[in-house]
Amino acid sequence: MTTSPSTSPSTPSWLARPAARAWRCAPAPAGVRDFHATLTGYAPTPLIELPALAVELGVGRVFVKDESSRLGLPAFKALGASWAVHRVLAERATDADAPAGPLTLVTATDGNHGRAVARMARLMGQRAHVFVPRGVHPRAVAAIAEEGAEVTRVAGPYDDAVRRAAEAATAPDAVLVQDTAWPGYEKIPGWIVEGYSTLLAEIDDQLAAAGAAGPDLVAVPVGVGSLAQAVVTHYRGRPAGAGPALLSVEPHAAPCVLLSLTRGEPVTIATGETTMAGLNCGTPSALAWPYLRDGLDAAVSVADADSACAAGDLSALGVSSGPCGAASLAGVRVALRGDGADERRASLGLIPAAVVVLLNTEGTAANPSAFTM
């Protein structure tokens, strides 16, 4: 990997790759949604139609997948964490050499994933140790601690927290439950990605119930790219049809996927400060990278102010959205409005009747804006 500053003037804010729609991959495994249905409090999260946004964006219909309350937490991350912890514990139960007693689930987080791992550890009788990098809101850190986890603050960025967590997980009674992968550490991140497939299966059912064809465009906020990998797998794992255009959205301060796509190889960047704390990641997941490289139609980066505006607009329309969740709307606005919008629409294959799905990955309680610190 190469390293570049995220603020480089050569970094584009938009990249289109229309050939990605023809790429295909294996589908997600069956049984994940059935597992989630056994969890106390499971219910599909809402898919909310917002006609006002359809008018603004010049498309047929706009739906927001609202993950502001998922399994009792204010973000989608519980889907991946629960499935991965379930698989870890099931595998450990068959290992005659595994130490007796509770296991310590170790992870690094920008907020939502760590709280989800801590919640699953508590519910399943295990311990949790969560490493938190700089820039995460104190209320988000406190919420992790309230789940019963040991919390270690790290002075550096997210990548530093991941390294610290990996070191701590070498203890015999510990296991790393991280939502990013690197060579040699891929199985558990893969389980986390599989867990996110439930969200996308719900969207299929909900669009059908709403009488909506498509979707034609799906916008997904991106940190290390694990959720985006799940999105690509879901829509590119189908044998027939071109499938929707898939748009990744990142902060200007941390566009590791956008820059990697631009260069054609995964790069590590020096991230800046952003209110989109959950997206403030400097290195794409090694497991996600081939899916992002081959399956994303477009990538865009957005400013904090754009995300804040989108969050406010979603709130006015009745949708609770934190800075990361609102990034999807901010990114679609960049793509479909302003100078060059006709060319960008054409690259996405959008017609006036297009159906757009925005993934609102968190509510306001997940990672409060830095402006409220």
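As shown above, the structure is provided for reference.
As the structure is a prediction and not an experimental result, all values here were calculated from the model.

Draft legend 1. Representation of the layout of surface pockets within the structure. One number sums up the size of the largest pocket: a volume of about 260 Å³. Considering the residues around the largest pocket, the lining is formed by 16 residues, among which Val88, Glu91, Arg92, Asp95 and Val175 are closest to the centre. Where the lining of the largest pocket is concerned, the elements lending two or more residues are helix H3 (78-93), strand S8 (174-176) and helix H7 (187-195). Residues belonging to the lining of the largest pocket are distributed by class as follows: 10 nonpolar, 1 polar and 5 charged.

Draft legend 2. Looking closely at the environment of isoleucine 48. Position of isoleucine 48 relative to the elements: it lies in strand S3 (residues 47-49). A residue is classified by how much of its surface remains accessible, and isoleucine 48, at 23% relative accessible area, is partly exposed. With sequence-adjacent residues up to four places away left out, isoleucine 48 is seen in contact with Val62, Phe63, Val64, Asp66 and Val319.

Draft legend 3. Broad picture of empty space enclosed by the protein. Counted according to the given criterion, the structure contains 3 cavities of 30 Å³ or more. Roughly 300 Å³ of volume is contained in the largest cavity. Lining the largest cavity are 26 residues, and of these Phe76, Lys77, Gly223, Gly278 and Leu279 lie nearest its centre. Of all the secondary-structure elements, those providing two or more residues to the lining of the largest cavity are helix H4 (112-123) and helix H9 (226-236). Residue contributions to the lining of the largest cavity peak at 3 residues, all from H9. Residues belonging to the lining of the largest cavity are distributed by class as follows: 12 nonpolar, 10 polar and 4 charged.

Thresholds applied
- Residues numbered from 1 in each chain as written.
- Predicted model: local features only at pLDDT ≥ 70, side-chain atom pairs only at ≥ 80, totals over all residues.
- Heavy atoms only, no water.
- 1 Å grid on protein atoms, 1.4 Å probe; cavity = no way out; pocket = protein on both sides within 12 Å on 5 of 7 lines; lining within 4 Å.
- Points joined across faces, edges and corners; volume = space filled by probe spheres on them.
- Helix = DSSP H or I, 4+ residues; strand = E, 2+ residues; numbered from the N terminus.
- Nonpolar A, V, L, I, M, F, W, Y, C, P; charged D, E, K, R; others polar.
- Buried < 20%, exposed > 50% of the residue type's maximum accessible area, 1.4 Å probe, protein only.
- Contact = heavy atoms within 4.5 Å.

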